[in-house]
Amino acid sequence: MAVRRMAIAAAATAALVAALALLPAAAAAGLIAACSGVVAVAMARARPAGPRFRALALAGGLMITALAAAASGVAVLAAPGAKVDGVPLPAEIPLVSLFFVALFFLPAVLRPHQRRDVLGRLRFGLDALGVTACLIFPPWLLLFDDDLRRGGAITALVFGGGAAATIAVAGVHAVRHRAALQWCAPGAALALIGLTAMVIANDFPWVPNAAIGAVAAAVAIDAAAVLLWHGAVRIRPDAGPIPPAGSEPSAGFPLLTLPMLGSALVALYHLINGGRMGTASIVLAVTAILAVAAREWVSAIVLRRHADHLTDQGNRLRSLVFGSADVAMILDADLAVRWQSPAAARQFGLSDQDVLGRAVTALVHPGQADAVHAYLTDRLADVPPPGAAGLPVRLRDGFGHWRETEWTTSGGDPAEPGRTLVVHVRDAGNERDLERALRQATHVDRQTGLANRPGLCRAGELTPGAGAMIVIELGGLTAVGDVHGAEVAEVVLAEAARRLRTAVPEADVPARVGETRLAVLTRSGAVRAHLLASRLLTTLTAPYEAAGTVAHLSGWAGLADLMPETDIDEVIRRAMLAVRSVRSGPPGAVEWYDEQMEARLLRRSTLEQDLPGAVDRGELELSYQPIVELESRRPVGVEALPAWRHPVLGPVPAAELLPLAEELGLLGHVAHWALHQSCRLLPSWRRRNDTLWLALNVRPRALADAGFQAILQTAVELYQLPPSSLVLEISEQDLLDVRDGQPPADLAATLGRLRADGIRTAVDNFGAGPTSLSRLRILPIDQLKIDLSGRPDDAVVEVTVALGRRLGLEVIAHGLGSEEDLETVRAAGCRLGQGAPLGRPMPAEHLEALLERHQTRRRG
């Protein structure tokens, strides 16, 4: 494919050369200039490095130039004698297109807007005027001073020269997008000059060398196309440095020198060959000279102002150097001090006699001399520093003391670049002291003097290795503050910190990681860490004497293994989870972290977060387990069992749901929902079995709640239920007072009020706790549900049933698991039972079907 393209290109080139050799020069010039259209298409299709508007505008102007040149060449062949208003058609076509090309080129070069002051705009105008005069002067002198004036050529010369001069001066004076405009502006100006020359050549076809001028104009247009493509497509607009403020952007370019020199040479040639200078030529020459003179005068004013500005800046810099607290030194290529600022004497007591001419490494600590020498050598060789911060250096001052300093460099002395180095020395002693104080404040707990959590993490990072993290939760500190005052609580906390600090080995790190949590990072093994945690609990829970009073604290400890591959923050988190887990146990307990513990705590936390709103989201549901008469297997009651179908964790049973709801203060909401859901269905069930009663599990706190009692009465009245059809069950574990193992008095009064209202009560899971039957005499209980899930002895079951019936309680065998259990409780005289053989928990629809079957069987 590549060979084929090369063959096609070679054939096209050969055909073009042959055609040009056979065509008239003016027509050949048009075809040569038309080649710039290929570049215009490439510019329009390319992805430019600069603004796309500029690339498209320049491509549009270049395409018009190419089309005009091609049309002019065709007109030379097709209609060589045709004229438009006295202008030959081959000249009229590029003349008209000249205005459109300028219309495309000028916005492309004059954008973006260049900010200039009044003098800057005046210099721009004078440069444009001078260049315009220099561009018009040579053609006018050679062609028009002999009274041979043609309107088309004069129009093209004046307009094209002015537009080309304006564009060229704009590129030289550009500050923004300077790199791109230094290519685009000359290219656009050259294209306009070429198009103007083509108009003049076709307007004067009989003049000698007119054909050569036309070909030269065409070649210039093609060269301009390359310049435009390179500047608009390849060059980033601001790739080069921006001239400093107050400087002369055109100072490095012979903007007026070349045009003036060219005009002078043309005038000299014309005069030597016997020509004369007409009035117009003289006016143009004088205009150019006056423009140059005025421009130089304005430049002198600008340069004088810039010099005054530099003088003022130098004075400011000198005052800054002399008044600066930082020391500046200039080093030579051998790193000897050639100059130092006056601040050296004020800050460090270093006189010029002690410093100048000496190697700078002689002023620093011997242990840092090599590092300082390498650092300064790299900076002298323009090797970039490894970081943005300076080099910490210990510098001997004039009094023989070592001072903490920080050294930075800022390149060479502008007077001798490449052979000198400017070093800035800053006193960092106070900063180092402040950093140490801040570091200590960041890593130390101010109230106890122990390490805080960041300090504990830092200690773990500095001394990696195996060990253990002990976190101790102190209980009762808030109560001490409530009873004895905040000051006493602070004294107790400080004493606890002192005890912790003195009780741990020297290599261990004591810390405070919470309001009431202390921690110890120990490198001991698991056994010794466990013993240390127990010993610390004993020490920290001993009585505290403060302000004439005695305070007591309780404590729990959690431990986590410290391993090199585990992040110290993760170890602390695990130890805190262990404390949280053991916190529910008795004081003095110690527990290690394990993954099962975290899973339990995570489940608990998830349930605590999701339970609020579970009722509104419809996630709670009720199942019903029948309570059956053992002889007839006929349901006489039904127990409503609430459960929570968590969308992630799955079913949450009532034994877990109700205590959680009580802790979160949601028990009343859950109980209200369960009561109304069940009581709404109970009337339809009682129509199939008029003696059926409903049992609900409640907590003592709900029973004592006046709101729950009101809801209970409302449900009875709303659904027209006999009060005896409701049985409220309390577990044996909730029945006892934790202080003395006796039923609380307020619970007995609450149960008495329920009995007076006709609502029955029951004790659930009897036998799982320490309650004796004799203690039930003081409680107005109607039913007793014996827990058989642990498979008690047959004799125990028989005695329990007999004593329960003697106390007037209706005994229900709960937790039956097999037919053997049924025979056992039936033989013991138990009349009612509940368990899997008699019916598992089921939805309301299944319970209705069960009641329907028993009703049908009884009728049959």
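Basis of the calculations
Residues numbered from 1 in each chain as written. Predicted model: local features only at pLDDT ≥ 70, side-chain atom pairs only at ≥ 80, totals over all residues. Heavy atoms only, no water. Helix = DSSP H or I, 4+ residues; strand = E, 2+ residues; numbered from the N terminus. Buried < 20%, exposed > 50% of the residue type's maximum accessible area, 1.4 Å probe, protein only. Contact = heavy atoms within 4.5 Å. Salt bridge = Lys/Arg side-chain N within 4 Å of Asp/Glu carboxyl O. Axes fitted to C-alpha atoms, helices over the stretch in contact; angles between N-to-C directions. Nonpolar A, V, L, I, M, F, W, Y, C, P; charged D, E, K, R; others polar. Phe/Tyr/Trp six-rings, centres within 6.5 Å; stacked < 30°, edge-to-face > 60°. Lys NZ or Arg CZ within 6 Å of the ring centre and 35° of its normal. Core = buried A, V, L, I, M, F, W, Y, C linked by side-chain atoms within 4.5 Å. Pairing = 2+ DSSP bridges. pLDDT = per-residue confidence, 0-100. Expected span 1.5 Å × (residues − 1). Arc of directions from axis to C-beta. Parallel < 35°, antiparallel > 145°, perpendicular 65-115°, else oblique. Left-handed = near helix turned anticlockwise from the far one by under 90°. Patch = residues over 30% accessible without salt bridge, like charges linked within 9 Å, V, L, I, M, F, W, Y side chains within 5 Å. Areas by Shrake-Rupley, 256 points an atom, 1.4 Å probe, with all protein chains shown as cover. Right-handed = clockwise from strand over helix to strand, strands pointing away.

Considerations on the overall build of the protein
Here comes step 1: In terms of regular secondary structure, the protein is built from 30 helices and 23 strands.
Here comes step 2: A buried classification covers 45% of the 860 residues belonging to the protein.
Here comes step 3: A separation threshold of at least 6 residues defines the contact pool for the protein, and within that pool the share at least 24 residues apart is 69%.

Details of the pattern of salt bridges
Here comes step 1: All told, the structure shown has 24 salt bridges when counted by the stated rule.
Here comes step 2: The salt bridge involving Arg394 is made with Glu404; its shortest N-O contact spans 4.0 Å. You can see Arg394 sitting in strand E5 (residues 391-396) and its partner Glu404 sitting in strand E6 (residues 402-409), a full ten residues away along the chain.
Here comes step 3: Glu404 sits in the partly exposed class, given a relative accessible area of 31%.
Here comes step 4: Between Arg512 and Asp445 there is a salt bridge, with the nearest N and O atoms lying 3.3 Å from each other. You can see Arg512 sitting in strand E9 (residues 509-512) and its partner Asp445 sitting in the loop between helix H15 (429-443) and helix H16 (453-462), a full 67 residues away along the chain.

Focus on the packing of helix H17 (residues 477-484) against helix H18 (residues 486-503)
Here comes step 1: Running from N to C, H17 and H18 cross one another at 145 degrees; their axes reach a closest spacing of 6 Å. Counting all contacts with H17, which are made through Leu477, Val480, Gly481 and His484, the residues of H18 involved are Ala486, Val488, Ala489, Val492 and Leu493.
Here comes step 2: Grouping the constituent residues of the contact of H17 with H18 by class yields seven nonpolar, two polar and no charged.

Let's talk about unusual backbone geometry
Negative phi characterises most residues that are not glycine, and trans characterises most peptide bonds.
Here comes step 1: A positive phi angle, near 65 degrees, is found at Leu335, a position not held by glycine.
Here comes step 2: Note on placement: Leu335 falls in the loop between strand E3 (327-331) and strand E4 (337-340).
Here comes step 3: Even without a glycine there, the phi angle at Gln720 is positive, about 55 degrees.
Here comes step 4: Relative to the assigned elements, Gln720 resides in the loop between helix H25 (706-718) and strand E19 (726-731).

Thoughts on the packing of aromatic side chains
Here comes step 1: This model, assessed by the stated rule, comprises two aromatic pairs.
Here comes step 2: Seen in terms of ring centroids, Tyr624 and Trp685 are 5.0 Å apart; in terms of plane orientation they differ by 80 degrees. Their pairing is edge-to-face. Placement of Tyr624 in strand E15 (residues 620-629) and of Trp685 in helix H23 (residues 667-688) is noted, with a sequence separation of 61 residues between them.
Here comes step 3: Residue class for Tyr624 comes out buried when judged on its relative accessible area of 2%.
Here comes step 4: Taking NZ or CZ as reference, Arg499 lies 3.7 Å from the ring centre of Tyr544, over its face.
Here comes step 5: Note that Arg583 overlies the ring of Trp556, its terminal NZ or CZ placed 3.9 Å from the centroid.

Quick look at the nonpolar core
Here comes step 1: Grouped together as the largest cluster of nonpolar side chains are 57 residues, with contacts concentrated most on Tyr624, Trp685, Leu703 and Leu728.
Here comes step 2: Take this core: its biggest share by element is ten residues, from H23.
Here comes step 3: When sequence neighbours within four positions are dropped, the list of residues in contact with Leu728 reads Leu696, Val698, Leu703, Phe708, Leu712, Leu754, Ile759, Arg760, Thr761 and Ala762.
Here comes step 4: The next biggest cluster of nonpolar side chains, apart from the first, holds 43 residues, and it includes Val39, Leu98, Ala108 and Ala174.

Thoughts on the sheet that holds strand E10 (residues 517-522)
Here comes step 1: The strand order across the open sheet formed by five strands is E9-E10-E8-E13-E14, and the pairing between neighbours is mixed. Bordering the open sheet on either side are E9 and strand E14 (590-592), each of which pairs with just one other strand. When strand polarity is set aside, the average angle formed by the axes of neighbouring strands in this sheet is 20 degrees.
Here comes step 2: Sheet analysis places strand E8 (residues 467-475) next to strand E13 (residues 554-562), joined by nine bridges and oriented antiparallel. Across the sheet, the residue bridging to Gly475 is Ser554, located in E13.
Here comes step 3: Here helix H19 (residues 526-540) sits on the sheet in contact with E8, E10, E13 and E14, set at roughly 20 degrees to E8.

Description of the confidence of the model for the protein
Detailed reading of the predicted coordinates is not advisable wherever pLDDT falls low.
Here comes step 1: When the pLDDT values of the protein are averaged, the result is 81; 87% of them are 70 or greater.
Here comes step 2: Under a pLDDT of 50 for its full length, residues 737-742 has, in the predicted model, six contacts with residues more than four places off or in other chains.

Structural notes on the sheet that holds E4
Here comes step 1: Here five strands make up an open sheet; going across it, the order is E4-E3-E7-E6-E5 and the pairing antiparallel. The open sheet has two edge strands, E4 and E5, and neither has a second partner. On average, each strand axis in the sheet is inclined to that of its neighbour by 35 degrees, with strand direction left out of account.
Here comes step 2: As judged from the six bridges shared by E5 and E6, these two strands associate in the antiparallel manner. Residue Leu391 lies in a different strand from E6, and its bridge partner there is Trp407.
Here comes step 3: Contacts between helix H14 (residues 369-380) and the sheet are confined to E3, E5, E6 and strand E7 (421-427), with E6 contributing the most and set at about 20 degrees to the helix.

Some details on the environment of Ile812
Here comes step 1: Within the element layout of this structure, Ile812 appears in strand E22 (residues 810-816).
Here comes step 2: Here the alpha-carbon distance between Ile812 and Gly833, two residues 21 residues apart in the chain, equals 5.2 Å.
Here comes step 3: Residues contacting Ile812, with those up to four places away along its chain left out, are Ile627, Trp693, Gln783, Leu784, Lys785, Ile786, Cys830, Leu832 and Gly833.

So, helix H21 (residues 595-610)
Here comes step 1: The end-to-end C-alpha distance of H21 is 22 Å, a good match for the 22 Å that 16 residues give at a rise of 1.5 Å each.
Here comes step 2: All of the buried residues in H21 are Met597, Leu601 and Leu607. An end-on view of H21 places all buried positions within 125 degrees of arc, on one side of the element. Residues of H21 that are exposed and angled more than 90 degrees away from the buried face: Glu595, Gln596, Leu602 and Gln609.

Considering helix H8 (residues 178-203)
Because an α-helix completes one turn every 3.6 residues, residues spaced three or four positions apart along the sequence face the same direction.
Here comes step 1: Its 26 residues give H8 an end-to-end C-alpha distance of 37 Å, which sits within 8% of 38 Å, the value for a rise of 1.5 Å per residue.
Here comes step 2: The element H8 is extensively covered by neighbouring structure, given that 20 of its 26 residues are classed as buried.

Considerations on the packing of H16 against helix H20 (residues 568-582)
Here comes step 1: At a minimum axis separation of 9 Å, H16 and H20 run at an interaxial angle of 120 degrees. By the criterion of interaxial angle, the relationship of H16 to H20 is oblique. As for how H16 packs across H20, the hand of that crossing is right-handed. Each of Arg453, Leu456, Cys457 and Gly460 in H16 lies in contact with H20, whose residues at this interface are Ile568, Asp569, Ile572 and Met576.

Observations concerning the pairing of strand E16 (residues 634-646)
Here comes step 1: In terms of burial, E16 is largely enclosed, as eleven of its 13 residues are buried.
Here comes step 2: As defined by bridge partners, E15 adjoins E16 across ten bridges and the pair is classed as antiparallel. Within the sheet, the bridge partner assigned to Gln625 lies in E16 and is Glu639.
Here comes step 3: Count of turn residues in the E15/E16 antiparallel hairpin: four residues, of which Arg633 carries a positive phi of about 60 degrees.
Here comes step 4: Where E16 lies against strand E18 (residues 693-697), four bridges are found, and the strand directions are parallel. When the bridges of E18 are listed, Ala640 appears paired with Leu696.
Here comes step 5: Sheet analysis places E16 next to strand E17 (residues 650-652), joined by three bridges and oriented antiparallel.

A look at a nonpolar patch on the surface
Here comes step 1: Together, Val96, Phe99, Phe100, Leu103 and Phe104 give the surface a local cluster of nonpolar side chains, amounting to about 460 Å² of exposed area.
Here comes step 2: Its place among the elements puts Phe100 in helix H5 (residues 89-110).
Here comes step 3: Phe100 gets classed as partly exposed once you look at its relative accessible area, which sits at 47%.

Looking at the pairing of E13
Here comes step 1: Among the nine residues in E13, eight count as buried, and that is most of the element.
Here comes step 2: Once you follow E13 into H20 and on to E14, the crossover reads as left-handed.

Re the environment of Ala497
Here comes step 1: Considering the arrangement of structural elements, one finds Ala497 in helix H18.
Here comes step 2: Considered as a pair, Ala497 and Pro510 are 13 residues apart in the sequence and their alpha carbons are 8.4 Å apart.
Here comes step 3: Sequence-distant contacts of Ala497, that is, excluding residues within four places in its chain, are made with Thr448 and Leu450.

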